Amino acid sequence: MAPQHRQVAVIGSGPAGHTAAIYLARANLNPIMFEGMMANGFAPGGQLTTTTDVENFPGFPKGVLGGELMDLMRAQSENCGTVIETETITKLDCSSRPFKIWREGSEDQEEPTDTADAVVIATGASARRMNLPGEEKYWQNGISACAVCDGAVPIFRNKPLVVIGGGDSAAEEAIYLTKYGSKVHVLVRRDELRASKVMGDRLKAHEKVEIHFNTSPVECLGDGNLLTAVTTKNNKTGETGQIEASGLFYAIGHDPANSLVKGQVELDSEGYIKTIPGSAETNVPGLFAAGDVQDKRYRQAITSAGSGCMAALDAERYLSEREAELAQKL
């Protein structure tokens, strides 16, 4: 069976992927989106499907549930003309044109299932978790991996909070959370911060922050509905303790979902896809990256959507120039 060909394929179905698909469809490029089924551990729609209230996405003055927001984006993509396939892509060959794409279960076949003249990769990233006892039960019910996304939620206001991590991200998130929490406890597994001196000094000087060195979380406790405390252990003495907390925020890094392009496209030292500054272009012509798979700094739904727009416009320009070049050769 001959591969199914499209001008452009979008791999990933978060805000970046859907925004790209909407722009591409409106440009009459007939995009196909592979939204993934539990790809990177998430249902179609990505990380937002695991969140509850989203209060910082424009256009929703009363907030919107993460899953509902992604359902609306999906409907808009389809209404604009995007073909959406609930398939996970497990192999992508960027070495020739058109790009060769294999759906899950077909990666051992020589012939691809699909081909495309351009590809937007918007596969996202996943926050590193510690898999503590109680973590799954209270995830998004007191436990989060994004202070900027969730810090203003009412359950955290004027309540003690815990941040895990000792780097710049942890310091930034802890300081951000001081605007909402009554106190912020920072758990650092070593006897010093990894954060830059400036951020470390700022964290240590903040009156609402208490740093616990040589301390690791052991268990997440709750009342059955919401998180209420975190059990801790001193890594030097072995002594255990308990910190009352309504919120636990992980700031121990993210893992970009780069497996499709690893070894084929330029990545940075942390595995994020490198893009040309001011664009969504990678070092592979015709391959564009959007969202958290290339953004290790902001990681917000709205910035992902913006980068999806950039990827679509860049892809449209690439396809137009490619068509003009092919026409000249005829």
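Notes on the structure in this doc start here.

Parameters at a glance
- Per chain, residues are indexed from 1 in the order of the written sequence.
- Given that the model is predicted, a residue must reach a pLDDT of at least 70 before its local features are reported, and side-chain atom pairs must reach 80 or more before they are shown or counted; all residues, however, enter totals for whole chains, interfaces and linings.
- Here the side-chain values reflect all heavy atoms present in the structure, with hydrogen atoms and water set aside.
- Only runs of H or I of at least four residues qualify as helices and only runs of E of at least two qualify as strands under DSSP, and these elements are numbered from the N terminus.
- With the radius of gyration taken over C-alpha atoms, the globule rule is written as 2.2 Å times the number of residues to the power 0.38.
- Exposed residues in this analysis have more than 50% of their type's maximum accessible area, buried residues have under 20%, and partly exposed residues fall in between, with area computed by a 1.4 Å probe over protein chains only.
- Here a residue-residue contact requires only that any non-hydrogen atoms of the pair lie within 4.5 Å.
- Definitions used throughout: a 1 Å grid over protein atoms alone; a cavity as a set of points that fits a 1.4 Å probe which cannot get out; a pocket as an open set with protein on both sides within 12 Å along at least five of seven lines; a lining residue as one with an atom within 4 Å of a point.
- Grid points are joined across faces, edges and corners, and a volume is the space filled by probe spheres set on the points.
- Side-chain classes follow a simple rule in which Ala, Val, Leu, Ile, Met, Phe, Trp, Tyr, Cys and Pro form the nonpolar group, Asp, Glu, Lys and Arg form the charged group, and the remainder, Gly included, forms the polar group.
- Only strands that DSSP links by at least two bridges are regarded as paired with each other.
- Polar contacts, as counted here, are pairs of nitrogen or oxygen atoms within 3.5 Å of one another; within protein the pair requires one atom able to donate a hydrogen and one able to accept it, and residues that are adjacent in sequence qualify only if both atoms are side-chain atoms.
- By disulfide we mean two sulfur atoms from cysteines, separated by a distance within 2.5 Å.

Regarding the overall build of the chain
The secondary structure content of the chain amounts to 7 helices and 19 strands. For a compact globule of 330 residues, the expected C-alpha radius of gyration is about 20 Å, and the chain comes in at 22 Å, within 12% of that figure. On the principal axes, the C-alpha backbone points of the chain span a range of 75 × 40 × 35 Å. Among the 330 residues that make up the chain, the fraction classed as buried is 50%. A fraction of 59% describes how many contacts in the chain between residues 6 or more apart in sequence connect residues 24 or more apart.

Considering the layout of surface pockets
Each pocket or cavity is described by its volume, and for the second largest pocket that value is around 230 Å³. Every residue lining the second largest pocket is counted, 14 residues in all, and those nearest its centre are Gly 165, Gly 166, Arg 189, Arg 194 and Ile 252. Looking at the lining of the second largest pocket element by element, the count peaks at 3 residues for strand E14 (residues 215–222). A per-class count over the lining of the second largest pocket returns 6 nonpolar, 4 polar and 4 charged.

A few points about the pairing of E14
Here E14 runs beside strand E15 (residues 227–234); their pairing, made up of 7 bridges, is antiparallel. Bridged to Cys 220 within E15 is Val 230. In sequence, E14 turns back onto E15 through a hairpin of 4 residues, with Gly 224 there showing a positive phi of about 100 degrees.

What to know about the side chain of Thr 282
Note that Thr 282 resides in the loop between strand E18 (254–256) and strand E19 (287–289). Side-chain polar atoms of Thr 282 contact the backbone nitrogen of Val 284, separated by 3.1 Å. Within polar-contact distance, the side chain of Thr 282 engages the backbone oxygen of Leu 287 at 2.8 Å. Those residues in contact with Thr 282 that sit more than four places away from it in its chain are Val 265, Ile 273, Lys 274, Thr 275, Ile 276, Leu 287, Phe 288 and Ala 289.

Describing the state of the cysteines
Summed over all chains, the structure comprises 1 disulfide. Disulfide partner of Cys 146: Cys 149, at an S-S distance of 2.1 Å. Residues Cys 146 and Cys 149 are joined by a disulfide whose S-S torsion is about 70 degrees; by sign, that bridge is right-handed. On the basis of relative accessibility, which here comes to 14%, the residue Cys 146 falls in the buried class. Summary of cysteine pairing: Cys 80 is not part of a disulfide, and the nearest cysteine sulfur, belonging to Cys 309, is at 13 Å. Overall, the relative accessible area of 27% leaves Cys 80 in the partly exposed class.

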